[in-house]
Amino acid sequence: MRLLLSISFAWLIGGTLGKGSAPQPLPSHIQTFLENHCTDCHDNSTKKGDINLELVSVDWGAAESARLLDRVHRVLEKGEMPPPKKKRPPLSELRQTLDWIDQGLTQKTPPAATGIRRLTRAEYVSTIERSFYIGNFRLPPGFPEDTRSHGFENVAESLVISRSLMDAYSETAALIADRIFRLPRSARISHTEIPIKQMSLQDRDFGGTTTLLREEAMRFALKEGRSAPVVFEAPASGTYRLRLRAASVHPEAQPLHLKILAGGTHQILPIPSTTPTDLVVEIPIYEGKKPELELIEARRTFLTRGNIAQFREELRGHLQNDPRLLSAWLSFHEEVTPKQGKPYMRLRPSARPEGDKTDEVVQSKYLAKSLREVMASGSLVNPPPTPETLERLLDLMTSGSSWHYLYAWNLHAFETAPAIDLFALTIEGPLSPIEDPDTLAARRFRQVLLGTPPGEPGSQPWIQHSVKRIIETAFRRPSKETERSDYGKLAQEHLSSGHTPEEALNLVLRAALVSPHFLYREIHEDSSLSLYELASRLSYLLTFGPPDHVLLKAAGDGSLAQRETVRAQALRLLASPQVSGFTKSFCSQWLGTRALPLITPSPQLGTFDFRHLEGFSQEVELCFAEILRENRPLSDFIDPDFTYTNAIVARQIYGLPVPEKTKGETDRTMVRVSLPRGGRRGGLLGMAGIMMATANGVDTQPVIRGKWLLENILGDPPPPPPPSVPAITPDTRSAKTIRDLMAAHTQDEKCAGCHRKLDPPGFLLENFDALGNWRDTYPIYSVGKDGKTVTRDGPPIDAAAVFPDGTPMRDVTDLKRHVVSHIDSFASCVAEKLFLYGTGRVPNYAERKNLRLAAHRVIEQNGGFRDLLLSVLDLEDFRLR
């Protein structure tokens, strides 16, 4: 491991930043424009919005200068500056200034560069699964999460390497290497005595388990659908000898049997006598696994709160068939006949234990003990009960607050049902080794990874072949001679130290998995990507995983350098099942729906469970997948004639007719539903999942939804708020609307500028509550006399807004029409998101300009979403590192 620990990551940290060049003086007409229209608010002393435009020169090569002038161009072009109360500059001067900034940012700034980009946490898992044929791989606990930047987690500038992350990589590499090159484990034969008291599944012995500790024995009596694990883990896979001392209890007519499960097999052991008897059985147990025991002739079922109806019916049957048992239970109770109302049954005060009379455990144990004593004494004096008395007793014993009866019944069943008592258990072994499923799987993994190495294991040809296959799989490209030599030496040194060939390859794989060439997707030093890095960029974008052999072959023969090949490979990948990885990852990050599982909706909003959560997430992904697959127009993202939903969301959230279920469908089954265009529902601006993701589970905040719309739909992200601006806590109590609160907040001049841009789109979505339900009024909640929440209509919702360009809108339907009528802007926004996700860098001014032109061409030619994606891949900017 000294080789891999000596690798320095310092040269990998960070990206390529603009280092600056010789500053150039500002042309006189530009300096005059800034002095006349900008520096009143943005000079060196005022710096409103942290912007200083008191400039005499500009360094086009410096990243900070480029970002400043990019921002100036954006607000001037959109008419956001100078602000409305200020004098507007003459159109000719404005155009001249915009052209000067455009020319400088396009021609004089250095090409953008992503720099190096490591695998994200999710990409890392996907790469391990696909490269090494390990299904459903799980990272070890505590593996660090990634930091999000610009809405995405795969942006290079935020993908740093920390000490904790390197430790996690090292730990995970060892897990993977051990799984493929499984090191042999051996253990000396041991004699282990299992403490019977430790076999109970729970600390509370009144219930919750199929076993019960009874004095010196563990009793197996009830059926619950699961077995009891023994407190023993096999140190190595092998055959073990189990010695038991056991006896039957109440065996009735049939003998009782104990099932012993281990190693994927089981054995049935008869318990022949009611006298404790010594028994011996040998059974295979896999490494790290526990043997389990189960009574297979259980006559009664362990009952829980979840099957209270079953408890009532089982209890009724036993009480009707056993008058003595019914009489014993009645002896603890008394009937009460109130002056008004129906008679009812209650527990006699004398049947309660001393001390804490409300503790369910204490009460259940006391009842079970009393029942046992009364049944044994035979002193039953109650008169024969009527059917009504029996029903009243059942009502009491199965009521929602009388769980102690349920527990007492389980304790009674342990005492009276057929059972097996286990008095002693010892385990000897391993007597002989066996091959477990993990070892068999490792053999298959090795076969796929290594193929058939030449020569004997450990020979020079065998090592050379195996090392080459390992590092080329890990690095996603052909290996270099120096790499094969270094890793080959590592293997040879390990062999020379007395380790086995498999142990040598285990170390080689661990070293490869912590190499920068595995952890980083792009580390080439040239301005353009190598063809293998381009193959990785294309594959991780479209399939969320490493390139397959077809893509690597195109990189190897040089054909991937041709745009036609890139397009053909992209179409091939888009038609593969693995495109679902792109759909899920890109959608959830672009639209923010990956936050849905982290939101806890308020119960005041209505019922919400996993069926809603699944429906919300899958609606977004299935609609996206269809628009991509069928190359539908970009407008179908906003105002489509279809959506996908399940029955529970259709009925409770959307108010749509519930689709009829076909065979095998449930309330969770997603089905395609037709919608009228121009309505409230459908599209990204009408999906409940997106409305929930842009709220907080309790109330709505127009600023958050407005920001989301500007960034992800309208392509016009607002600047960050000044640090001194306080946050708003919306409050609809006291008949105050959110619009009132926002109006008060924006009276501050420091807030007004941004909120002119943020608030209108946010208000247009205000009819959707925090779960995506449509509402016409704000709700007002109060607590009724019964303690339940009462909801009544509050002030009406005013969703109308006027955009900064003067366009008036009433609600979300007008917003949809506006976006569709300006579909170029939406297409450009989507193109920028695809570019950001694919390259891992925020597009600069020149790249945004190219993306806008590409999006415009797609719209002009009546192209669809797939065309837009391919046009992004066609850009030379996509090939830059």
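Note that the coordinates shown come from a computational prediction; the quantities given were computed from them, not determined experimentally.

## Digging into helix α20 (residues 579–590)
The terminal C-alpha atoms of α20 lie 16 Å apart, and with 12 residues this matches the ideal 16 Å at 1.5 Å per residue to within 8%. The buried fraction of α20 amounts to 10 of the 12 residues, a majority that puts the element mostly inside the structure. Regarding α20, the residues found buried are V579, G581, F582, T583, S585, F586, C587, S588, Q589 and W590. Residues of α20 that are buried sit in contact with α17 (531–543), α19 (563–574), α21 (610–629), α24 (702–712), α28 (823–839) and α30 (865–874). The first or second residue beyond α20 is G592, which carries a positive phi of 80°.

## A word on the nonpolar core
Formed by 96 residues in total, the largest nonpolar core has its most connected members in F582, W590, F637, I713, F826 and F865. Take this core: its biggest share by element is 9 residues, from α28. Beyond its immediate sequence surroundings of up to four residues, I713 is in contact with I638, L684, L685, W708, V819, S825, F826 and C829. In this structure, F181, A441, L449 and I470 belong to the second largest nonpolar core, which totals 48 residues.

## Points about the sheet that holds strand β10 (residues 256–262)
The pairing of strands in a sheet happens through backbone hydrogen bonds and is either parallel or antiparallel. Strand order in the open sheet formed by 4 strands is β8-β13-β10-β11, and the pairing between neighbours is antiparallel. The open sheet has two edge strands with one neighbour each: β8 (228–229) and β11 (265–271). Bridge count between β8 and strand β13 (residues 292–295): 2 bridges; the pairing is antiparallel. Residue pairing for β13: A228 is matched across the bridge by L293.

## So, a positive patch on the surface
A grouping of K48, K85, K86 and R756 is seen on the molecular surface, where their side chains present a positively charged patch. Inspection of the secondary structure puts K85 in the loop between α3 (63–77) and α4 (91–107). Residue classification places K85 among the exposed positions, given a relative accessible area of 81%.

## Let's talk about the side chain of D639
Its place among the elements puts D639 in the loop between α21 and β19 (642–645). For the buried D639, which has no salt bridge, the nearest side chain bearing the opposite charge is K816, at an N-O separation of 4.5 Å. In this structure the side chain of D639 is engaged in a polar contact, spanning 2.8 Å, whose partner is the backbone nitrogen of G678. Contacts of D639, omitting those with residues within four sequence positions, involve R677, G678, G679, K816 and V820.

## Observations regarding the confidence of the model for the chain
The predicted model of the chain has a mean per-residue pLDDT of 86, with 89% of residues at 70 or higher. Averaged over each element, pLDDT in the chain is lowest for helix α1 (residues 2–5) (42) and highest for α30 (98). Here residues 1–18 scores under 50 on pLDDT; set against residues more than four positions off or in separate chains, the count is 29 contacts. Segment residues 729–735: pLDDT under 50, and 13 contacts once partners within four positions in sequence are set aside and those in other chains are kept.

## Some points on the environment of T473
Inspection of the secondary structure assignment puts T473 in helix α13 (residues 460–475). Look at T473 and you get partly exposed, because its relative accessible area is 24%. When the C-alpha atoms of T473 and P546 are compared, they prove to be 9.7 Å apart, with 73 residues separating the residues in sequence. Discounting residues that sit within four places of it in the chain, T473 has contacts with S131, F132 and L449. Here the side chain of T473 touches R469 through a polar contact of 2.8 Å, landing on its backbone oxygen.

## As for unusual backbone geometry
Following M81, the chain continues into P82 via a peptide bond in cis, with omega recorded as -10°. Position of P82 among the secondary structure elements: in the loop between α3 and α4. Here the residue pair G429 and P430 is connected by a cis peptide bond, since its omega of 5° sits within 30 degrees of zero. Residues other than glycine seldom take positive phi values, yet N136 does so here, at roughly 50°. By the element assignment, N136 lies in the loop between α5 (121–132) and α6 (163–180). Positive phi, normally seen in glycine, also occurs at H150, with a value near 55°. Mapped onto the elements, H150 comes out in the loop between α5 and α6.

## A few points about the packing of aromatic side chains
Within this structure, the stated rule accounts for 25 aromatic pairs. Pairing W329 with F332 gives two aromatic rings, centres 6.2 Å apart and planes at 85°, and the pair type is edge-to-face. Note on accessibility: W329 and F332 belong to one class, buried. Ring pairing ties together the aromatic residues F152, F582, F586, W590, F624, F637, F826, Y837 and F865, which thus form one cluster.

## Examining the packing of α13 against helix α15 (residues 501–513)
Two elements in contact, α13 and α15, have axes whose closest approach is 10 Å; the angle formed by their N-to-C orientations is 25°. By the angle between their directions, the pair α13 and α15 is classed as roughly parallel. Along this stretch, α13 crosses α15, giving a crossing that reads as right-handed. When α13 is examined against α15, the residues W462, S466, V467, I470, I471, A474 and F475 are found in contact with a partner set consisting of P501, L505, V508, L509 and A512.

## Overview of helix α27 (residues 812–821)
Of all 10 residues in α27, 7 are buried, a share of seventy percent or more. On its buried face, α27 is in contact with α24, β24 (808–809) and α28.

## Here we look at the side chain of T97
Within the fold, T97 resides in helix α4. Look at T97 and you get buried, because its relative accessible area is 2%. Beyond its immediate stretch of four places on either side in the chain, T97 contacts I30, F33 and L76.

About the criteria used
- Residues numbered from 1 in each chain as written.
- Predicted model: local features only at pLDDT ≥ 70, side-chain atom pairs only at ≥ 80, totals over all residues.
- Heavy atoms only, no water.
- Helix = DSSP H or I, 4+ residues; strand = E, 2+ residues; numbered from the N terminus.
- Expected span 1.5 Å × (residues − 1).
- Buried < 20%, exposed > 50% of the residue type's maximum accessible area, 1.4 Å probe, protein only.
- Contact = heavy atoms within 4.5 Å.
- Core = buried A, V, L, I, M, F, W, Y, C linked by side-chain atoms within 4.5 Å.
- Pairing = 2+ DSSP bridges.
- Patch = residues over 30% accessible without salt bridge, like charges linked within 9 Å, V, L, I, M, F, W, Y side chains within 5 Å.
- Areas by Shrake-Rupley, 256 points an atom, 1.4 Å probe, with all protein chains shown as cover.
- Salt bridge = Lys/Arg side-chain N within 4 Å of Asp/Glu carboxyl O.
- Lys, Arg positive; Asp, Glu negative; His and termini not counted.
- Charge placed at Lys NZ, Arg CZ, Asp CG, Glu CD.
- Polar contact = N/O pair within 3.5 Å; in protein donor to acceptor, adjacent residues only side chain to side chain.
- pLDDT = per-residue confidence, 0-100.
- Phe/Tyr/Trp six-rings, centres within 6.5 Å; stacked < 30°, edge-to-face > 60°.
- Axes fitted to C-alpha atoms, helices over the stretch in contact; angles between N-to-C directions.
- Parallel < 35°, antiparallel > 145°, perpendicular 65-115°, else oblique.
- Left-handed = near helix turned anticlockwise from the far one by under 90°.

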